Amino acid sequence: MTSDQLLPLPRQVRPSADETAERFVHRLAEANHLRPSYLRQLLTTPPNSLGSIQLDKLAMLAGRNPVNVVRALPELAPRTRTPGRTRENEARKTLNEQRKRERFAAIRYEARLGMSIRALATKHHVSRRTVGKALQSEIPPSRKKIDRQPTVLLGLRQHIDAMLEASPGITAAAIWQRLHDEHDATPSYPAVRTYITTRRTPRPQPPRLIDEPPTVPATGQSANAPPTAATEEATVRLLHLAFLEIRFLTAITHDDQSTKAVDQRRERANEIADICHDLTSWLGPHRRDGLADRLRHQWRSASTRQRRWLQSRFDQLGYDHRWLTDLAPEPPGPLAPAS
């Protein structure tokens, strides 16, 4: 079964009104003797990723009308986004912050004129505690962030901790797959990744962003490369993901897009194409032995955005890339002598 031509599965199950889309995918996979994580990754765009379930793909595999699938699983209904809503929300937050500052300034000014705390609270329709904060500082305190643990991980945290303890270098994608296949669970990948980030044992070297100054010598290697077969498989799957992403970025859409948006999509596709330009030839029969060295050079000579793309795709594939991504960027070459 390919990702481009999905066919209805041999054994069909009926979706229930009291179950989630993730649980329905699990039942559909078990009825057809498939790994739930494999079927779940086929239902994303691009395929083999860890995104959300696509309604059209699920309906095709389930052999049902998308309208009926949405009726049973309303969470899959297409969501319409209002253009500019994000900018409106940011503008609203800025306006609210400005109003709070003005209210605090007015409270402090009227308090100096002799108004009591009770009178100030009544006039400005706030609590006396807020009046006290305004008298202590002219800058309103920021809103408290509530640290909530995702309920989707209830009963799964001990399993995740056991996986991390048994294999400290395991990726979030691998843990997500094992939860789906071995524990009959349906957590989302972002929830698993966030929890692992809080539980991950720190490495001896402090974590750094890709574009931060490196802490290793420019000519050193952070770790030995994994087995050649694993690197070859990861490179092949990386090419597959790159092809799908370029195909998506260059596809003709019927939406009214600005010239700037089209140019940005084309620029992004060109960056991905530059990364993968030589990967195909490196997988040739006579050049595979030097694949790790070529990938090191590719990483160190890539731009910041290209390194971020490589790192995110390796994470998505569950490939241990620390031997590569901990390398320092390539130092600039010598300047040409003046003529």
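Not measured: the values here are computed from a predicted model.

Cut-offs used in this document
Residues numbered from 1 in each chain as written. Predicted model: local features only at pLDDT ≥ 70, side-chain atom pairs only at ≥ 80, totals over all residues. Heavy atoms only, no water. 1 Å grid on protein atoms, 1.4 Å probe; cavity = no way out; pocket = protein on both sides within 12 Å on 5 of 7 lines; lining within 4 Å. Points joined across faces, edges and corners; volume = space filled by probe spheres on them. Helix = DSSP H or I, 4+ residues; strand = E, 2+ residues; numbered from the N terminus. Nonpolar A, V, L, I, M, F, W, Y, C, P; charged D, E, K, R; others polar. Phe/Tyr/Trp six-rings, centres within 6.5 Å; stacked < 30°, edge-to-face > 60°. Buried < 20%, exposed > 50% of the residue type's maximum accessible area, 1.4 Å probe, protein only. Lys NZ or Arg CZ within 6 Å of the ring centre and 35° of its normal. pLDDT = per-residue confidence, 0-100. Contact = heavy atoms within 4.5 Å. Axes fitted to C-alpha atoms, helices over the stretch in contact; angles between N-to-C directions. Parallel < 35°, antiparallel > 145°, perpendicular 65-115°, else oblique. Left-handed = near helix turned anticlockwise from the far one by under 90°. Arc of directions from axis to C-beta.

On to empty space enclosed by the protein, then. All chains considered together, the criterion is met by one cavity of 30 Å³ or more. Roughly 50 Å³ of volume is contained in the largest cavity. Leu238, Ile275, Leu279, Leu295, Gln298, Leu310, Phe314 and Leu324 together form the lining of the largest cavity. Listed by contribution, the elements that provide at least two residues to the lining of the largest cavity are α14 (291-301) and α15 (304-317). Its residues placed into classes, the lining of the largest cavity shows seven nonpolar, one polar and no charged.

As a further point, take the packing of aromatic side chains. Enumeration according to the criterion identifies one aromatic pair in this entry. Ring geometry for Phe314 versus Tyr319: centroids 5.1 Å apart, planes at 50°, classification tilted. Look at Phe314 and you get buried, because its relative accessible area is 2%. Lying over the aromatic face of Trp299, Arg307 brings its terminal NZ or CZ to 6.0 Å of the ring centre.

In regions of low pLDDT, the predicted coordinates are not meant to be interpreted in detail. Across the protein, the average pLDDT comes to 79, with 82% of residues at 70 or higher. When the criterion is pLDDT under 50, residues 206-223 qualifies, and its contacts beyond four places in sequence or with other chains add up to 32 contacts. The model gives residues 331-339 a pLDDT under 50, and that stretch makes two contacts with residues more than four places away or in other chains.

Another aspect to go through is unusual backbone geometry. A negative phi holds for most residues other than glycine; trans holds for most peptide bonds. Residue Thr45 is joined to Pro46 through a cis peptide bond whose omega torsion reads -5°. Inspection of the secondary structure assignment puts Pro46 in the loop between α2 (36-42) and α3 (55-62). Unlike most non-glycine residues, His33 shows phi in positive territory, near 60°. As for its position among the elements, His33 is in the loop between α1 (21-31) and α2. Residue classification places His33 among the exposed positions, given a relative accessible area of 71%. The phi dihedral of His125 is positive, around 60°, even though this residue is not glycine. Its place among the elements puts His125 in the loop between α6 (117-124) and α7 (128-136).

So, about the packing of helix α9 (residues 172-182) against helix α10 (residues 189-199). With their axes 9 Å apart at the nearest point, α9 and α10 run at an angle of 125° to one another. Classified by the angle between their axes, α9 and α10 sit oblique to one another. Our pair here, α9 against α10, has a crossing hand that is right-handed. Here Ala172, Ala173, Ile175, Trp176 and Leu179 of α9 lie close against α10, whose contacting residues are Tyr189, Val192, Arg193 and Ile196. When the residues that make up the contact of α9 with α10 are grouped by side-chain class, the tally is eight nonpolar, no polar and one charged.

What follows concerns α6. Every α-helix winds through 3.6 residues per turn, so residues three or four apart in the chain are directed the same way. Restricting attention to buried positions, one finds in α6 the residues Leu120, Ala121 and His124. Across the axial projection of α6, the buried residues extend over an arc of 100°, all falling on one side. Opposite the buried face of α6, by more than 90 degrees, sit the exposed residues Arg118 and Thr122. Remark: His125 follows α6 within two positions and exhibits a positive phi of approximately 60°.

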